[in-house]
Amino acid sequence: MDERTKRLWQLLILITVDFIMLAAISVSSAARSQAVCLGCSGERVSEIQRSLSEKGFYSGKINGSYDFATRQGIRRFRRSVGLEAGSEADFKALKALGINSRSDCFSAQAELLARYIEKSGGTRYYEMLQTGIDAVRHSEGTTLCIYLMQTCPEFKADIFSGEPSSEAYAAALQAIRLTSD
């Protein structure tokens, strides 16, 4: 096999692995992708803020931005209705609030990046954001999934272990926004 054919096969394999990983992330995070959490914004968040306000768990401005006040409201609401501790408006919390849980807050890319940020070990939001920005910028010319698998092979082994924090998701979303401008 000549060198060019060998490289084409390697590229095909990498692209295939990329699509398989993104599909697996999308499937495994179906419930997670329904969650609305710190960093999300839009009409869905306004709806959550209105419902929390009506129920006495949120007194902030209804602005469509899932900020720390909204996060605190969800935490208090979850405790009051007997849901497990958390700061996200997931399927169960949205159902308890009487809100349709369909949401497109997270893409597979944001999910993958949040998991990578969480595994990177940064403890402050700035460190998490910088990790995300660096990953997105350095992945230019290839996909984020291929870049992460090539630069961090151990990430592939435990990509689905644990759940990224709200801060990691917020950093991933912000990193994607900042690098897409």
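The structure this text deals with has already been given above.
The structure presented is a predicted model; accordingly, all values stated were derived computationally and were not measured.

Participant: Quick question: what am I supposed to make of the packing of aromatic side chains here?
Facilitator: Aromatic ring pairs: the centre-centre distance and the angle between the two ring planes describe each pair. In this structure the tally under the stated criterion is 1 aromatic pair. Their ring planes at 80° and their centres at 5.5 Å tell us that Phe57 and Phe77 sit as a pair that is edge-to-face. Of this pair, Phe57 sits in the loop between helix 3 (43–54) and helix 4 (68–80) while Phe77 sits in helix 4, placing them 20 residues apart in sequence.

Participant: Please clarify how a nonpolar patch on the surface should be interpreted in this entry.
Facilitator: Together, Met1, Trp9 and Leu12 make up an exposed nonpolar region whose accessible area comes to about 400 Å². Along the chain, the position of Leu12 falls in helix 1 (residues 3–28). Among the residues examined, Leu12 registers a relative accessible area of 45% and is labelled partly exposed.

Participant: What is the right way to look at the packing of helix 3 against helix 4 in this model?
Facilitator: Geometrically, a packed helix pair is captured by the angle between its two axes and the distance between the axes. Remark: helix 3 packs on helix 4, axes separated minimally by 10 Å, with the N-to-C direction vectors making an angle of 55°. The pairing of helix 3 with helix 4 is recorded here as oblique in orientation. Considering the relative orientation of helix 3 and helix 4, their crossing is left-handed. For the pair formed by helix 3 and helix 4, the contact residues are Ile48, Gln49 and Leu52 on the first element and Thr70, Gly73, Ile74 and Phe77 on the second. For the contact of helix 3 with helix 4, the residue count by class is 4 nonpolar, 3 polar and no charged.

Participant: Mind showing me how you'd approach the nonpolar core here?
Facilitator: Here is a general trend for soluble globular proteins: nonpolar side chains tend to be buried in one another's company. Counting 21 residues, the largest nonpolar core has Leu113, Tyr116, Ile117, Ala135, Leu144 and Leu148 as its most contacted members. Of all elements in the fold, only helix 6 (108–120), helix 7 (125–138), helix 8 (144–151) and helix 10 (166–180) reach the threshold of two or more residues within this core. Other than its neighbours up to four places away in sequence, Leu113 contacts Gly132, Ala135, Val136, Leu144, Ala172, Ala175 and Ile176. Cys40, Val45, Leu52 and Tyr66 belong to the second-largest nonpolar core, a separate cluster that totals 14 residues.

The rules behind these values
Residues numbered from 1 in each chain as written. Predicted model: local features only at pLDDT ≥ 70, side-chain atom pairs only at ≥ 80, totals over all residues. Heavy atoms only, no water. Phe/Tyr/Trp six-rings, centres within 6.5 Å; stacked < 30°, edge-to-face > 60°. Helix = DSSP H or I, 4+ residues; strand = E, 2+ residues; numbered from the N terminus. Patch = residues over 30% accessible without salt bridge, like charges linked within 9 Å, V, L, I, M, F, W, Y side chains within 5 Å. Areas by Shrake-Rupley, 256 points an atom, 1.4 Å probe, with all protein chains shown as cover. Salt bridge = Lys/Arg side-chain N within 4 Å of Asp/Glu carboxyl O. Buried < 20%, exposed > 50% of the residue type's maximum accessible area, 1.4 Å probe, protein only. Axes fitted to C-alpha atoms, helices over the stretch in contact; angles between N-to-C directions. Parallel < 35°, antiparallel > 145°, perpendicular 65-115°, else oblique. Left-handed = near helix turned anticlockwise from the far one by under 90°. Contact = heavy atoms within 4.5 Å. Nonpolar A, V, L, I, M, F, W, Y, C, P; charged D, E, K, R; others polar. Core = buried A, V, L, I, M, F, W, Y, C linked by side-chain atoms within 4.5 Å.

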